[in-house]
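What follows is the residue order along each chain.
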Amino acid sequence: KTKAGKNRLVPIHPKIRHLVCRRIEDARDNGSDKLFDDMTYEEKEEFVSSLQAVVRTIGHIGEYAILGIFMRLALVPYSKKKKVLIAFLPSSLYAVSDEIHQIFVEGRTFQFSDIICDSIGAFLGILFITLICIICRKRKIKKSKKDLQL
């Protein structure tokens, strides 16, 4: 740590306070003032890398889920069976084109695993919005039947 950050107070969210307090107690029991003293540099690097991989995967799935939702909503006039396929294909092709584009960008690489994550994300988004549409349609039909009975 730098001198500027040595004695700085950092707020701790209440939901993780018990975890941080336990870690502080463990460090004190070991005679250390550092929270991660029991980890080697390599273990710290591996821990950070694993977190980055999880965050990147969630990011890919999340952004393509949003794309899948919008693609599915744009296809309202089409038949029910075709909507999922017509929304999924362009979303997946965009994922492929994005990875191909990265071949030509310095510092970026083509990763097939990103295409898989992106396609899964698009499919999950399409599935989510399709289920919402089905639920809304069933409620609307149920309400109209109830109105006819009155």
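Whatever comes next refers back to the structure up there.
The text that follows walks through the structure, step by step, so that each part is easy to find.

What counts, and where the lines are drawn
Residues numbered from 1 in each chain as written. Predicted model: local features only at pLDDT ≥ 70, side-chain atom pairs only at ≥ 80, totals over all residues. Heavy atoms only, no water. Helix = DSSP H or I, 4+ residues; strand = E, 2+ residues; numbered from the N terminus. Buried < 20%, exposed > 50% of the residue type's maximum accessible area, 1.4 Å probe, protein only. Contact = heavy atoms within 4.5 Å. Areas by Shrake-Rupley, 256 points an atom, 1.4 Å probe, with all protein chains shown as cover. Expected span 1.5 Å × (residues − 1). Patch = residues over 30% accessible without salt bridge, like charges linked within 9 Å, V, L, I, M, F, W, Y side chains within 5 Å. Salt bridge = Lys/Arg side-chain N within 4 Å of Asp/Glu carboxyl O.

Okay, the overall build of the protein chain next. When you go through the protein chain residue by residue, the secondary structure sums to five helices and zero strands. For the protein chain, the α and β elements follow one another from N to C terminus as α-α-α-α-α. Taking all 150 residues of the protein chain together, the buried fraction comes to 18%. Here the contacts in the protein chain between residues at least 6 apart in sequence split such that 56% fall between residues at least 24 apart. Taken as a whole, the protein chain presents about 12300 Å² of accessible surface, with 65% of it coming from carbon and sulfur.

It is worth spelling out helix α5 (residues 112-149) at this point. Here α5 spans 56 Å end to end across 38 residues, near enough to the 56 Å set by a 1.5 Å rise per residue. Within the sequence span of α5, burial applies to Asp114, Ile115, Cys117, Asp118, Ser119, Gly121, Ala122, Gly125, Ile126, Ile129 and Thr130.

Taken together, the side chains of Ile100, Ile103, Phe104, Phe110, Phe112, Ile116, Ile120, Phe123, Leu124, Leu127, Leu131 and Ile134 present a nonpolar region at the surface, about 1100 Å² in accessible area. Contributions of two or more residues to the nonpolar patch are made by α4 (80-103) and α5. Looking at which element gives the most residues to the nonpolar patch, the answer is α5, with eight residues. Look at phenylalanine 123 and you get partly exposed, because its relative accessible area is 40%.

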